[in-house]
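# Geometric and topological summary
Spelled out, the chains give:
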Amino acid sequence: MPSSESSSQPGLVAQDAWHHLRQYTAARIAIGRAGGSLPTAALLDFRLSHARAKDAVHAEFNADGVCDDLLARGFSPLRLDSAAKNRREYLLRPDLGRRLSMHGAEFLKTAPQDAPDLVVIISDGLSALAANSHAVATAVPLLENLASKGWKIGRVVVVPLARVKIQDEIGSLLGARFTLMLLGERPGLGAPDSLGAYFTAYPSLEKTDADRNCISNIRPEGISPTAAAVKLAWLFESSRMTGLSGVMLKDKQPDPGLIGFSS
Amino acid sequence: MVNAARFFSYPIMPSHHRYSLCIGARRHSFEGLAELLAKASPERSGDQLAGVAAESAEERVAAQCLLADVPLSDFLAEPLIPYEEDEVTRLILDSHQPAAFVRLSTLSVGQFREWLLDYSTDGAALEAVAAGLTPEMVAAVSKIMSNQDLILVAAKRKVITAFRNTIGLPGRLSVRLQPNHPTDDVHGIAASTLDGLLYGCGDAVIGINPATDSVAAMETLLKLLDELIQRHQIPTQSCILAHVTTAIECISRGAPVDLVFQSVAGTEAANRSFGIDLALLDEARQAALSLNRGTVGNHVMYFETGQGSCLSASANHGLDQQTCEARAYAVARAFSPLLVNTVVGFIGPEYLYNGKQIIRAGLEDHFCGKLLGLPMGCDVCYTNHADADQDDMDNLLTLLGVAGCNFIMGVPGADDIMLGYQSTSFHDSHYLRQVLGLRPAPEFDTWLQEHGIVKDGTRLLATRSSHALMQHAFE
């Protein structure tokens, strides 16, 4: 873990005799001590992880790049804005991230309602790094898979500064049967680029978190984007057959790795 | 909990009192105690999000000036949430003891502050009035107190509890060992637990936040910790922080439950959103007591709280988040907990924006809880989207150490890999022990010395791989 372990003077750092336990967990155990305090290497390693997580929170979302990637893969992206004007406001006012800007809502109200089976929404959320790196890689194989099974795929909506619940407004305005929200999760120290996927059936403003299913920790070291796409396709097919989503569907999932983290 | 006789002794005032103050050419007016309390609160993002915060720095101080003149007895006459609407209000008013309130009954909020700071007001005096204090009185005085006031008064008030060891004694600091793992892997959890014990931590509780809230998962973890505690005769207790109903089910199945955990909030509606009410908490406590697993005491509950929880459940009734938080302590104290932990910075920047707001909230929570008679600890923590860092945590940790906080968290390297936030580390506890001369709970202190882990209560010893706990690790 620490990248600069050699920088510690051996006589000053008390090493922990249970170093071998580190094979069982990613937690920062057996990191040794200087007196009772952190060795320099461990101190700086922590600081580096925190710096990367902070940078992920404040990184610029490359919405244009995401749209270009989607176009290149044959999908038609749609750029909209949430009601949050900037990142500070986004962090302070979660309610603004949960709904479209007035302009965005007006646009969707007048847009033709082609009642697609699925609308995918992509946002930076709390980690632009996650959305920049893994959103298209998750969405494209999923959409291709479902399209091959006869699903009518709607436009992919790209909305910076959005929260999960915005999927209810977008989905209901577009008359979609299912919505999937892909957005950057709150960065942990060890996982600055974790993408979350939330879906719900028959979107409406009355939906609550109990109506959503979630796959979190989508990143190369967690659930890879490709594996997440496979799991999501399974969930969508199950939901289409049973008409359920949220807790009702979750109880039927065979794979516990779908909920929460996966090792 | 409903007491019809008491109901009529606290009539709802037909119209709220209007508080007004002229400063220069400006007139500041506040409608009722709820608005006055909210506007008097030190600045924080959650009150702004709720739309209850002062709109200017001057308005905030104007509210504080008016609040200082409010008689404490007004808080008994004007419930912030109507008695018939909210069981927490009923609990607060029904359990209020007028006899303990007598010596404060003529004081205003500002005079109460001065009484708290008086040389002659010692720990015994504070203990004597605890049952006469309501959360609203305590929240009110905290809003006009400076950080040093909050520290000074809290430091006078020792709240001592016990289960397999004694927590909260003068000169002591306990640590909750928090060995979380993202998939509840028993080897991973055991590894972090041994790490913490070998760093001399875990006397408050060895408490795991499970990734999965299920009876089966909880039983597995309970057995893991029980086996460890029994085999090495560790004078401490375990807790799996699952929902209270999961714990009740585990108890009925004969699982080794030491402490029952639950998150609690300051309004009935917020508690309902947690899937609890007072009756359920009482049922859980009775179930835990029936196991009779404590050796030196029988405090069997572990509660967690945090400013912002009511608003995030849309259940704040127009109150500010710090007043809601103080009301959560009324819930906690009804069940004689071993530990109450304010998880101060976990909720995120929409409630506490930065290090300054987190530090202030941590001091307020510790003060309010202690004044109400609770064994307060604090999860000194932040998330990565808050404008805070480890130096802010060092500051709050130090301030709480000076204030006599009962316990802090011990997370390997301060990095919780399950919950994705930063707390305090085992190493942090040794910083505080050295700089303030604080020792672990006495029973645990003795155990650490007998097992060659710590010398003189404050210094870690080099641990050989032949150590019994290390042998445990090899199995």
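Description of the structure in this document. Note that this is a predicted model, so its numbers are computed, not measured. (Residues numbered from 1 in each chain as written. Chains lettered and ligands numbered in written order. Predicted model: local features only at pLDDT ≥ 70, side-chain atom pairs only at ≥ 80, totals over all residues. Heavy atoms only, no water.)

So, about the nonpolar core. In this structure, Leu-116 and Phe-367 of chain B are the most contacted members of the largest nonpolar core, which totals 152 residues. Residue contacts for Phe-367 of chain B: discarding those within four places in its chain leaves Leu-116, Val-138, Val-141, Ser-142, Met-145, Leu-150, Val-153 and Ala-154 of chain B. With 38 residues, the next largest nonpolar core counts Ala-63, Phe-178, Leu-195 and Ala-229 of chain A among its residues. (Core = buried A, V, L, I, M, F, W, Y, C linked by side-chain atoms within 4.5 Å. Buried < 20%, exposed > 50% of the residue type's maximum accessible area, 1.4 Å probe, protein only. Contact = heavy atoms within 4.5 Å.)

Another point: the layout of surface pockets. Looking at the second largest pocket, its volume works out to about 430 Å³. Lining the second largest pocket we find 19 residues, and of these Leu-38, Leu-43 and Arg-47 of chain A together with Gln-390 and Asp-394 of chain B sit closest to its centre. Elements that contribute at least two residues to the lining of the second largest pocket include exactly helix H1 (40-58) of chain A together with helix H20 (390-403) and helix H21 (426-436) of chain B. Of all the elements, H1 of chain A adds the most residues to the lining of the second largest pocket, at 5 residues. A per-class count over the lining of the second largest pocket returns 7 nonpolar, 7 polar and 5 charged. (1 Å grid on protein atoms, 1.4 Å probe; cavity = no way out; pocket = protein on both sides within 12 Å on 5 of 7 lines; lining within 4 Å. Points joined across faces, edges and corners; volume = space filled by probe spheres on them. Helix = DSSP H or I, 4+ residues; strand = E, 2+ residues; numbered from the N terminus. Nonpolar A, V, L, I, M, F, W, Y, C, P; charged D, E, K, R; others polar.)

Residue and element names in this part refer to chain B. Counted by the stated rule, this structure contains 32 salt bridges over all chains. For Glu-35, the salt bridge is made with Lys-39, and the minimal N-O distance between the two is 3.0 Å. Of the two residues, Glu-35 and Lys-39 are both situated in helix H2 (residues 32-40); the distance of 4 residues between them amounts to about one turn of the helix. Lys-39 gets classed as buried once you look at its relative accessible area, which sits at 9%. When salt bridges that share partners are traced, they join Arg-90, Glu-268, Arg-272 and Asp-277 into one network. (Salt bridge = Lys/Arg side-chain N within 4 Å of Asp/Glu carboxyl O.)

In this section: helix H5 (residues 102-110) of chain A. Residue and element names in this part refer to chain A. Buried within H5 are the following residues: Gly-104, Ala-105 and Leu-108. Along the axis of H5, the buried positions cluster into a sector of 95°, meaning they face one direction only. Of the exposed residues in H5, the ones pointing more than 90 degrees away from its buried face are Met-102, His-103, Lys-109 and Thr-110. The secondary structure elements touched by the buried residues of H5 are strand E1 (77-79) and helix H7 (166-173). (Arc of directions from axis to C-beta.)

The next point concerns empty space enclosed by the protein. Taken as a whole, this structure holds 5 cavities of 30 Å³ or more when the rule is applied. Its boundaries defined by the atoms lining it, the largest cavity holds a volume of some 70 Å³. In this structure, the largest cavity is lined by Ala-14, Gln-15, Asp-16, Ala-17, Trp-18 and Arg-33 of chain A together with Leu-198, Tyr-199, Leu-460, Leu-461, Ala-462 and Thr-463 of chain B. Of the residues belonging to the lining of the largest cavity, the class tally is 8 nonpolar, 2 polar and 2 charged. One number sums up the size of the second largest cavity: a volume of about 40 Å³. If you trace the second largest cavity, you find it lined by Phe-75, Pro-79, Leu-80, Thr-89, Ile-92, Leu-93, Glu-136 and Arg-327 of chain B.

Interfaces are frequently sized by the accessible area removed from exposure as the parts join. Every contact between the two is made by 38 residues of chain A and, on the other side, 49 residues of chain B. Carbon and sulfur atoms supply 62% of the area buried between chain A and chain B, which totals about 3,400 Å² over both sides. When the area that chain A buries against chain B is broken down by residue, the three leading residues are Trp-18, Arg-33 and Arg-186 of chain A, summing to 19%. Linking chain A with chain B are 1 salt bridge. At the boundary of chain A with chain B, the tally comes to 11 residue pairs in polar contact (both at pLDDT 80 or more). Among the elements of the structure, H1, helix H3 (87-92) and helix H4 (94-97) of chain A are those that each provide at least two residues to the side of chain A that touches chain B. Top element by residues in the side of chain A that touches chain B is H1 of chain A. It accounts for 5 residues. (Buried area = accessible area lost by both parts, 1.4 Å probe. Polar contact = N/O pair within 3.5 Å; in protein donor to acceptor, adjacent residues only side chain to side chain.)

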